[in-house]
Amino acid sequence: MNAPTNRKTPPATGTGQSSCHHGEILQGAFLDERGAACRALVTMPLAGPCSSAVFVPDPDTAPESLVISPSGRGKARRAAVLTCELCGSTTARTPCGGQLFLSSEVPDGLGMGSSSADVLATIRAVVDAYATHLPAETVSRIAVSAERASDPLMFDDRALLFAQREGRVLEDLGGRLPPAVVVGCLTEGATGVDTLELGTPHIRERDVRVGERLRALLRRAVARSDVALLGQVSTESARYNQRILDKTQLDSLVEIAERVGAVGLQIAHSGNVAGLLFDPNRPGTGDRIRTCLFELARNDIPSTRVFSTRPRSRNGDGDHGRAHRGRGRTPRSDPPRQGTRMPSI
């Protein structure tokens, strides 16, 4: 007599969570391991706002019948269906649908990875329900399949050069970003940006030359924990990105950074969040930050938060797949996102 298989054991309710990010340190065109040019980025980690998901399986339904709440989050729904199918095949349990409840604190359209956070929280909730594990590389492929381009949130806060439309790491830069204090703000009146509507401009030889030079400098900044060099790279990347998404207030931010003694600035290359970077070990940094907040207000640039590049990860339990279990948690969705609003300091 054959032993019963896991297909008779349905998945249980699963939960997942993902942090977001605060735009990019570097974004552009780079060479991969084959010498081919591709677009990639290095994100600025941000602990705080997050997306949470609860997946309630229904063994009597197919993955394609999955219902998501709030409705309209098609990218997260596609990620749930793909993950259900994969987890079902790898655990020998019949893939099933069910209900997915999403709740998010991440504003849309500001370049903070709201869609990626939803997708990653969803994948982790389904993985948790199936009591299995998926490597970060597999998670990134699912995320790209679900939303066409993904941020590298599944790799936690390591400094990675990540090909966002291919879901692969071009280079692990060797650790975490140098410790910096960031004064966050919103540009362009906090209007939202549709990332996918920006398109993919043709990669020129000059783009690759600039990208590879900044990549080498960022690698050195990470290796030496050099905050000043980090600021140099992120500022130059922000300036170079102007041809793709023009920010009318970028010159004002650069001038403010110079006046208040910031080491540089960083932006969301496909959104409106930005940040001025300060060296926390330099005497008088607190006074410079206070002056920075005053200068931002004087230039009608709303400040949002002060944070560090060395946050505590809120991506789950840090193993790139398994999230904490919440079997007793009551599933609950949140209302639709509140546009692009973000609380001020």
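In the block above lies the structure referred to throughout.
Just so we're clear, the structure is a prediction, and the values are computed from it rather than from any experiment.

Q: Would you explain the overall build of the protein in this entry?
A: Along its length, the protein carries 7 helices and 10 strands. Residue burial in the protein is summarised as follows: out of 345 residues, 55% are buried. The long-range fraction of contacts in the protein, counting pairs at least 24 apart against all pairs at least 6 apart in sequence, stands at 78%. Carbon and sulfur atoms make up 49% of the accessible area of the protein, which totals about 14,600 Å².

Q: Help me out: how do you make sense of the packing of helix H6 (residues 250–260) against helix H7 (residues 285–298) in this one?
A: The angle between the axes and the distance between the axes are what describe a pair of packed helices. The N-to-C vectors of H6 and H7 enclose an angle of 150 degrees; their axes lie 10 Å apart at closest approach. By the criterion of interaxial angle, the relationship of H6 to H7 is roughly antiparallel. The interaxial crossing formed by H6 with H7 has right-handed handedness. Residues Leu253, Ile256, Arg259 and Val260 of H6 form the contact with H7, whose own contacting residues are Arg288, Thr291, Cys292, Glu295, Leu296 and Arg298.

Q: So what exactly am I meant to see when it comes to the pairing of strand E4 (residues 97–104) here?
A: For a regular strand, side chains alternate in direction, first toward one face of the sheet and then toward the other. Judged by how many residues are buried, E4 sits mostly within the fold: 6 of 8 residues are covered. When strand E3 (residues 67–69) meets E4, the two strands line up parallel, connected through 3 bridges. Bridge assignment links Val67 to a residue of E4, and that residue is Gln99.

Q: How should H6 be read in this particular structure?
A: Each α-helix winds once per 3.6 residues, and so residues spaced three or four apart point in a common direction. Buried within H6 are the following residues: Leu250, Leu253, Val254, Ile256, Ala257 and Val260. Summarising the axial view, the buried residues of H6 lie within an arc of 160 degrees, below the 170-degree limit, and thus occupy one face. Next to the buried residues of H6 lie strand E7 (181–186), helix H5 (227–240), strand E8 (264–267), strand E9 (273–278) and H7. One or two residues past the end of H6 sits Gly261, with phi positive at roughly 85 degrees.

Q: What exactly am I supposed to notice about helix H4 (residues 205–224) here?
A: The end-to-end C-alpha distance of H4 is 29 Å, a good match for the 28 Å that 20 residues give at a rise of 1.5 Å each. Residues of H4 that are buried: Asp207, Val208, Val210, Gly211, Leu214, Arg215, Leu217, Leu218, Ala221 and Val222. On its buried face, H4 sits against strand E1 (14–31), strand E2 (37–58), strand E5 (160–163), strand E6 (168–172) and H5. Following H4 by one or two positions, Ser225 adopts a phi angle in the positive range, close to 55 degrees.

Q: So what exactly am I meant to see when it comes to the pattern of salt bridges here?
A: Pairing of side chains with opposite charge becomes possible as their charged atoms draw close. On inspection of all chains with the given rule, the structure shows 17 salt bridges. Between Arg168 and Asp32 there is a salt bridge, with the nearest N and O atoms lying 2.9 Å from each other. Of this pair, Arg168 sits in strand E6 while Asp32 sits in the loop between E1 and E2, and the two are 136 residues apart along the sequence. When the shortest N-O distance is used, the salt bridge between Glu33 and Arg168 registers 3.3 Å. Remark: Arg168 occurs in strand E6 and Glu33 occurs in the loop between E1 and E2; sequence separation between them is 135 residues. Salt bridges sharing common partners tie together Asp32, Glu33, Arg34, Glu166 and Arg168.

Q: I tried to follow the pairing of E6 on my own but got confused; where do I start?
A: With 4 bridges connecting them, E5 and E6 associate as antiparallel partners. Bridge assignment links Ala163 to a residue of E6, and that residue is Arg168.

Q: Which parts of the structure should I look at to understand the nonpolar core?
A: Soluble, globular proteins show a tendency: their nonpolar side chains are buried together. In terms of nonpolar packing, the biggest core is built from 35 residues, with Ile25, Leu26, Leu177 and Leu218 touching the most fellow members. Elements with a minimum of two residues in this core: E1, E2, E5, E7, H4, H5 and E9. For this core, the leading source of residues is H4, giving 6 residues. Those residues in contact with Ile25 that lie beyond four places of it in its chain are Val42, Thr43, Met44, Leu177, Leu218, Leu230, Val233, Ser234, Ser237, Gln266 and Leu277. Within the second largest apolar cluster, 34 residues are counted, among which are Cys87, Leu120, Tyr130 and Met154.

Cut-off values and rules
- Residues numbered from 1 in each chain as written.
- Predicted model: local features only at pLDDT ≥ 70, side-chain atom pairs only at ≥ 80, totals over all residues.
- Heavy atoms only, no water.
- Helix = DSSP H or I, 4+ residues; strand = E, 2+ residues; numbered from the N terminus.
- Buried < 20%, exposed > 50% of the residue type's maximum accessible area, 1.4 Å probe, protein only.
- Contact = heavy atoms within 4.5 Å.
- Areas by Shrake-Rupley, 256 points an atom, 1.4 Å probe, with all protein chains shown as cover.
- Axes fitted to C-alpha atoms, helices over the stretch in contact; angles between N-to-C directions.
- Parallel < 35°, antiparallel > 145°, perpendicular 65-115°, else oblique.
- Left-handed = near helix turned anticlockwise from the far one by under 90°.
- Pairing = 2+ DSSP bridges.
- Arc of directions from axis to C-beta.
- Expected span 1.5 Å × (residues − 1).
- Salt bridge = Lys/Arg side-chain N within 4 Å of Asp/Glu carboxyl O.
- Core = buried A, V, L, I, M, F, W, Y, C linked by side-chain atoms within 4.5 Å.

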